Number of protein chains: 2
Amino acid sequence: MKLPSKTVERLSQYRRILQNYKHLEESYIFSHDLAKLLKINPVQVRRDFMLIGFSGSSRNGYEVTNLLDYIDSTLTLPKSQNATIIGMGELGKALFKHISSNPVCPVIIPATFDIDPKNSNQENYGISCFDLTRAPEIINKYDIQIAVLALVTNDIQEVVDSLLVSGIKSIVNFSAGPFRVPDNIYLKDFDIRTTLEEISYFISQE
Amino acid sequence: MKLPSKTVERLSQYRRILQNYKHLEESYIFSHDLAKLLKINPVQVRRDFMLIGFSGSSRNGYEVTNLLDYIDSTLTLPKSQNATIIGMGELGKALFKHISSNPVCPVIIPATFDIDPKNSNQENYGISCFDLTRAPEIINKYDIQIAVLALVTNDIQEVVDSLLVSGIKSIVNFSAGPFRVPDNIYLKDFDIRTTLEEISYFISQE
């Protein structure tokens, strides 16, 4: 069964919360308590758990250890996905470590890329950084489908186009955009500069 | 006039696109071309420009240089806002450089914090990193209202609570959450681990 995108996102968040309770023996949690922590409606929580086939009791709520097992088995994938980081400057390196240091992260980074010869043709934490011109070959070799963009360049569209041609299916963007991708490509924007501009505007209006 | 949050976000994105055209003399752009680049409705683009009092002609579209001036004067703030980074490990340092290297960034970072003595009580790029226990005093001294969280800790709620008490009004979160904030606090989540979990799930279902 293919779950809705938002349900998967929330399951991942429920799991993170529940892990704080799992050392308590026979602990239970109510949907409204979980909902409060995530600022969502308790109905939403109950609907998500129904979707993965887990039910609680109205008296005690959900049994935490069991619920965690259910979420784990839903989110655990038959195999890890391979991802790459484009741009191994300081931000790229920090993201690499941040991602790799997560013990339950479903993503493996077998190779990275850069357009700057200062960063490419070397290893970071034991992983090779290639020149971006080698993307088609390396992305195909490792079956990489996810690209994290941490690159500063004026030709971001050109970089993105070359990644898509090489077989990338989804992009997490930390670079200043914008750029276009076809509708079947999953794009998540983490543009911190635009965010800070927006926040500053609102604070100054108050 | 206080603009809607989404309009400010789009204005910031329009500006970034238009800057690519401004060196062309007397260049014009149509709302539908701008809309296509951002994958939104052209009606939305025209509505946004009406809101800031800028109009184009149906024949030529919008004059780029003029439009850029209008957007600039709308988004330019009477003064820069002060922000801080909580957690000056590798991710925090990389975010510091990424933010500071933006010439039009409306945010200044006068101080940073960490809970790890290995990172605090020193300078990074000329900016002091303080122990988080000094947050109330330093945040007040520099009138800091924005906090970027780049901290790995199990007590993220405790850290967030101490920041809010110190006067922080908005949080950009790169740490694994979740945590609660009151409704009047602007929270933007950049949780890359959850995002990768979500993306992996969808790729594996295809």
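Residues numbered from 1 in each chain as written. Chains lettered and ligands numbered in written order. Predicted model: local features only at pLDDT ≥ 70, side-chain atom pairs only at ≥ 80, totals over all residues. Heavy atoms only, no water.

### Regarding the overall build of chain A
And step 1. From N to C terminus, chain A includes eight helices and nine strands.
And step 2. In terms of principal-axis extent, the alpha carbons of chain A reach across some 60 × 50 × 30 Å.
And step 3. Each of the 206 residues in chain A was classed as buried or not, and the buried ones make up 52%.
And step 4. Taking the contacts inside chain A whose residues are at least 6 apart along the sequence as the reference set, 56% of them involve residues at least 24 apart.
And step 5. Of the accessible surface of chain A, which amounts to about 9900 Å², a share of 49% is contributed by carbon and sulfur atoms.
And step 6. Considering chain A, the positive charge centre built from 21 side chains and the negative charge centre built from 24 side chains are found 5 Å apart. (Helix = DSSP H or I, 4+ residues; strand = E, 2+ residues; numbered from the N terminus. Buried < 20%, exposed > 50% of the residue type's maximum accessible area, 1.4 Å probe, protein only. Contact = heavy atoms within 4.5 Å. Areas by Shrake-Rupley, 256 points an atom, 1.4 Å probe, with all protein chains shown as cover. Lys, Arg positive; Asp, Glu negative; His and termini not counted. Charge placed at Lys NZ, Arg CZ, Asp CG, Glu CD.)

### With respect to the interface of chain B and chain A
And step 1. Listed as interface residues are 66 residues of chain B and, on the opposing side, 66 residues of chain A.
And step 2. A buried area of about 6400 Å², summed over both sides, lies between chain B and chain A, and 65% of it is on carbon and sulfur atoms.
And step 3. Considering only the surface of chain B that becomes buried against chain A, Arg193, Glu197 and Tyr201 of chain B emerge as the three largest contributors, covering 11% of it.
And step 4. The tally of links between chain B and chain A comes to six salt bridges.
And step 5. Lysine 97 of chain B serves as the salt-bridge partner of glutamate 90 of chain A, at 2.9 Å between the closest nitrogen and oxygen. (Buried area = accessible area lost by both parts, 1.4 Å probe. Salt bridge = Lys/Arg side-chain N within 4 Å of Asp/Glu carboxyl O.)

### Quick look at the sheet that holds strand β9 (residues 186-189) of chain B
Residues and elements named next belong to chain B.
And step 1. An order of β5-β6-β4-β3-β7-β8-β9 is seen for the seven strands of this open sheet, with the pairing classed as mixed. The open sheet has two free edges, formed respectively by β5 (122-124) and β9, since each of these has just one partner strand. With strand direction ignored, the average angle separating the axes of adjacent strands in the sheet is 25°.
And step 2. As defined by bridge partners, strand β4 (residues 107-114) adjoins strand β6 (residues 127-131) across three bridges and the pair is classed as parallel. Counted as the bridge partner of aspartate 114 is aspartate 131 from β6.
And step 3. On top of the sheet, helix α7 (residues 156-166) reaches β3 (81-86), β7 (144-149) and β8 (170-173); it is set at about 165° to β7, its chief contact. (Pairing = 2+ DSSP bridges. Axes fitted to C-alpha atoms, helices over the stretch in contact; angles between N-to-C directions.)

### Concerning the packing of aromatic side chains
All names here are of chain A.
And step 1. Within the structure shown, the criterion is met by 18 aromatic pairs over all chains.
And step 2. Between phenylalanine 49 and tyrosine 62 the ring centres are 4.9 Å apart and the planes differ by 80°, which places this aromatic pair in the edge-to-face class. Note that phenylalanine 49 is positioned in helix α3 (residues 42-51) and tyrosine 62 in strand β2 (residues 62-63), a separation of 13 residues in sequence.
And step 3. A residue is classified by how much of its surface remains accessible, and tyrosine 62, at 6% relative accessible area, is buried.
And step 4. Pairwise contacts between aromatic rings join Tyr14, Phe49, Phe54, Tyr62 and Tyr70 into one cluster. (Phe/Tyr/Trp six-rings, centres within 6.5 Å; stacked < 30°, edge-to-face > 60°.)

### Focus: the relation of the copies chain B and chain A
And step 1. Relative to chain A, chain B is turned by 180° and slid 0.0 Å along the rotation axis, the superposed coordinates differing by an RMSD of 0.1 Å. The transformation just described matches what one would write down for a two-fold rotation axis.
And step 2. The fraction of interface residues of chain B whose copies in chain A are also interface residues reaches 98%, indicating that both copies meet through the same surface. (Least-squares fit on C-alpha atoms with pLDDT ≥ 70 in both.)

### Digging into the domain arrangement of chain A
And step 1. The domain architecture assigned to chain A consists of domain 1 (5-75) and domain 2 (81-195).
And step 2. Using C-alpha coordinates to define each centre, domain 1 of chain A is positioned 33 Å away from domain 2 of chain A. (Domains from an automatic or database assignment.)

### A short note on the side chain of histidine 98 of chain B
And step 1. Mapped onto the fold, histidine 98 of chain B is located in helix α5 (residues 90-100).
And step 2. Look at histidine 98 of chain B and you get buried, because its relative accessible area is 11%.
And step 3. Beyond its immediate chain neighbours, meaning those up to four positions away, histidine 98 of chain B contacts Leu91, Phe174, Ile192 and Arg193 of chain A.

### With respect to the pattern of salt bridges
All names here are of chain B.
And step 1. Per the stated rule, a full pass over the model turns up 16 salt bridges over all chains.
And step 2. Note that arginine 15 is salt-bridged to aspartate 72, the shortest N-O span being 2.6 Å. On the criterion of sequence distance, the pair formed by arginine 15 in helix α1 (residues 5-18) and aspartate 72 in helix α4 (residues 64-75) is long-range, its members being 57 residues apart.
And step 3. Overall, aspartate 72 belongs to the partly exposed group, its relative accessible area being 27%.
And step 4. When the shortest N-O distance is used, the salt bridge between lysine 118 and aspartate 116 registers 3.6 Å.

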